[in-house]
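Summary of structural features
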Amino acid sequence: MVPKISTLSGYLHEYQKSIVHPEIFWERIAESFHWRKPWEKVLEWDFNKPEVKWFVGGKLNITENIFERHACMKGDTPAIIWEPNDPSEPHKIFTYKQLWDEVNKFANVLKSLGVKKGDRITIYLPMIPELAIAMLASARIGAIHSIVFAGFSAKALAERNNDAQSKILITADGSFRGPKTIPLKQTADEALHMSGSIEKVIVVKRTGQQVRMKEGRDLWWHELMKNAATECKAETMDAEDPLFILYTSGSTGKPKGILHTTGGYMIYAAYTFRNVFQYTDGDIYFCAADIGWITGHSYIIYGPLLEGATTLMFEGIPTYPKPDRYWQIIEKFKVNQFYTSPTAIRSLLAQGEEWADKYDMPSLKVLGTVGEPINEEAWHWYHNHVGKGRCPIVDTWWQTETGGIMISPLAGITPTKPAYATLPLPGIRPVIMDADGKPLKGNNVEGSLCIEFPWPGMARTVWGDHQRYKEVYFTAYPGKYFTGDGVKRDEDGYYRILGRIDDVINVSGHRLGTAEIENAINEHPLVAESAVVGYPHPIKGQGIYAFVVAPARPGNLDEELRNSIRQGVAKLISPIAKPDKIQFVSGLPKTRSGKIMRRILRKIVAGSSDYGDTSTLTNPGIVNEIQKGFEALKDG
Ligand code: WT7
């Protein structure tokens, strides 16, 4: 197990060590894992290239560090507790031994289909145990998994299949989500028309609904697993061999395939899991995220399982059948650590206090939040009504690209402050940069959040586009990793994340690029152009506000057109990307070089009229028109 910090002075001491001697610090943590061949060098890095390598020359397999490593001690310990969408369906428990067998079986299935080390596998599954089994089986044989959140559209899935050139797609007949049954295979079929690289499709039977199975291409999971052997030797991986790709939105262009490698990611996920949540052996840990996002990768699967923990995986939604489902699950399984998003907290708060107040939840020790800034009201509600005033809250700041938590309290150790992610974890060196690209020293400062030294869990590249990796993360502040977030360091040296400062919107903790949404809106035949910005939303954190130029639209059908634009976006990206508000405008504020000045639009939707300098606009008059239209839409 990784070393566990247990006091504040212990944290300060470890932090100091990690800054003065980072290589010695991380080497000590890496030593708690099983390596087939030790590393020759701890770290090689150059943020200007950029290039980062951890544990150079080391050989290992991450699943060996989950299964073989825990086999004798933990074979009968529950690894995954799976709670279905419908509370009347029985839950399932997989011990480490049972999960290992399933993973080996599916690894053998993949091998029998010709999957080799380095091949890409797309996994498009709901939150069912097969999702965990498929990802671990992929890692077992050295294939690279690319998990696509099951709420994404056919077009989004196809785009990801093609970018990764995946050979295999794993999906399900359908999925259960609250009261709905969703035809997942049907969406996958649509994507498959546009996904030339996929050779085989493996289909899990979950809902039992009718699906089309294409002869020679589509295979049932349960049939393939019937005769698969339960022994499968883990592939030897280099520390820097890819483990997975996970697509995420950026401020420009199509989603980026963030690439994480094996050795560094493993150590970072395990170390941060153990320390932030202060997990003690025997605890039941429940992260309510979806494995389709990085939170699920690092803190439902890899982190907890590497530490021999019991991790709870929930198929459903917090409001089904009633808005007390999380609290019910916490009591049913005596959950000790619970990790969710501010959006979930705000939406449950909005359902009324009585739902959480009915449950004592005496097992709870730690509460966590992630994905977006948490407002103070939500923080206090979580603390008082869920944690009953006795559970520390860990507000964990990190990103898909960071692989694991970067700035966060250690539960029960770091004194917390509502809405503050507090202090950096050992090994993490944040710097705050001003508008001129200078680091801001001292406290009481605000600026762009950068990280100036590598950490083991950081992404190594954008799949197939290293140049883009360099441009997006290492160009704004040369020699530093730029996060895209604004941040404040207060008088105590505590960090408060202020939100994205690039063209990324964070809707309910889901990250969406404005350009991506605009492209989808512009596909509509009646739309000439559009501009999308985020605006403050009481539940979702940010809502999506679209300014749309549609000169040829029929005069009396604005509402219908709005709906049809929304449906178009759902179809091209996902229902989560649908604009909340659509304002028709006759033009957009543009600079002489034709760039849309989103800054002004952001001000308008935030209710401010302090637009700054508008003299560089080719059409300054448009600002007034847009402002009036905004007021009308707000009141209407
Ligand atoms: C962005 C990353 C990391 C897993 C989920 C999201 C925002 C994340 C916090 C927090 C304020 C946060 C940032 C970040 N964010 N955690 N505790 N407080 N903001 O991963 O989709 O890669 O999004 O989420 O803006 O850059 P992601």
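Quick note: structure is the one above.
First, a word on scope: everything that follows refers to the structure included in this document. Only a predicted model underlies this, so the values are computations on that prediction, with no experimental measurement involved.

**Section: helix α11 (residues 325–333)**
- What α11 keeps buried is the set R325, Y326, W327, I329, I330 and F333.
- Looking one or two places after α11, you find K334, whose phi comes out positive at around 55°.

**Side note on the site of the ligand**
- The ligand sits among 17 residues. The nearest are D395, T400, D485, R500 and R511.
- P373 places a main-chain nitrogen or oxygen 3.4 Å from a nitrogen atom of the ligand.
- Here R500 contributes a side-chain N or O atom positioned 2.8 Å from an oxygen atom of the ligand.
- Here the ligand loses 95% of its free accessible area of 560 Å² to cover by the protein chains.
- Those elements that provide at least two residues to the shell around the ligand are α10 (294–306), β20 (393–396) and β25 (495–500).
- Among the residues making up the shell around the ligand, the classes are represented as six nonpolar, six polar and five charged.

**Topic: the packing of aromatic side chains**
- Counted under the stated rule, the structure contains 46 aromatic pairs.
- On the basis of an interplanar angle of 40° and a centroid distance of 5.8 Å, the ring pair of W54 and F55 is categorised as tilted. The burial state of W54 is the same as that of F55; both residues are buried.
- Three or more aromatic residues joined by ring pairs form one cluster here, namely F25, W26, W35, W39, W54, F55, Y268 and Y271.
- The lysine or arginine in question, K205, covers the ring of W220, its NZ or CZ lying 4.8 Å from the ring centre.
- Cation over ring: K417 sits above Y420, and NZ or CZ is 5.1 Å from the ring centre.

**As for the pattern of salt bridges**
- In the structure shown here, the tally under the stated rule is 39 salt bridges.
- Across the pair R28 and E14 runs a salt bridge whose closest N-O atoms are separated by 3.5 Å. With a gap of 14 residues between them, R28 in helix α2 (residues 22–30) and E14 in helix α1 (residues 8–20) connect regions that are remote in the sequence.
- Judged by its relative accessible area of 12%, E14 falls in the buried class.
- Across the pair E401 and R511 runs a salt bridge whose closest N-O atoms are separated by 2.7 Å. Highlighted residues: E401 in the loop between β20 and β21 (430–433) and R511 in strand β27 (residues 510–513), separated in sequence by 110 residues.
- On the basis of relative accessible area, R511 is assigned to the buried category, the value being 17%.

**Section: empty space enclosed by the protein**
- All chains considered together, the criterion is met by two cavities of 30 Å³ or more.
- Looking at the largest cavity, its volume works out to about 40 Å³.
- Together, I147, V148, F149, F152, R160, L246, Y247 and G292 line the largest cavity.
- For the lining of the largest cavity, the class distribution of residues is six nonpolar, one polar and one charged.
- Of the pockets and cavities examined, the second largest cavity occupies roughly 30 Å³.
- Together, N61, I62, A139, G142, A143, M237, P242, L243 and T262 line the second largest cavity.
- Each residue belonging to the lining of the second largest cavity can be placed in one class, and the counts come to six nonpolar, three polar and no charged.

Reading guide: rules and limits
Residues numbered from 1 in each chain as written. Predicted model: local features only at pLDDT ≥ 70, side-chain atom pairs only at ≥ 80, totals over all residues. Heavy atoms only, no water. Buried < 20%, exposed > 50% of the residue type's maximum accessible area, 1.4 Å probe, protein only. Helix = DSSP H or I, 4+ residues; strand = E, 2+ residues; numbered from the N terminus. Near = heavy atom within 4 Å. Polar contact = N/O pair within 3.5 Å; in protein donor to acceptor, adjacent residues only side chain to side chain. Areas by Shrake-Rupley, 256 points an atom, 1.4 Å probe, with all protein chains shown as cover. Nonpolar A, V, L, I, M, F, W, Y, C, P; charged D, E, K, R; others polar. Phe/Tyr/Trp six-rings, centres within 6.5 Å; stacked < 30°, edge-to-face > 60°. Lys NZ or Arg CZ within 6 Å of the ring centre and 35° of its normal. Salt bridge = Lys/Arg side-chain N within 4 Å of Asp/Glu carboxyl O. 1 Å grid on protein atoms, 1.4 Å probe; cavity = no way out; pocket = protein on both sides within 12 Å on 5 of 7 lines; lining within 4 Å. Points joined across faces, edges and corners; volume = space filled by probe spheres on them.

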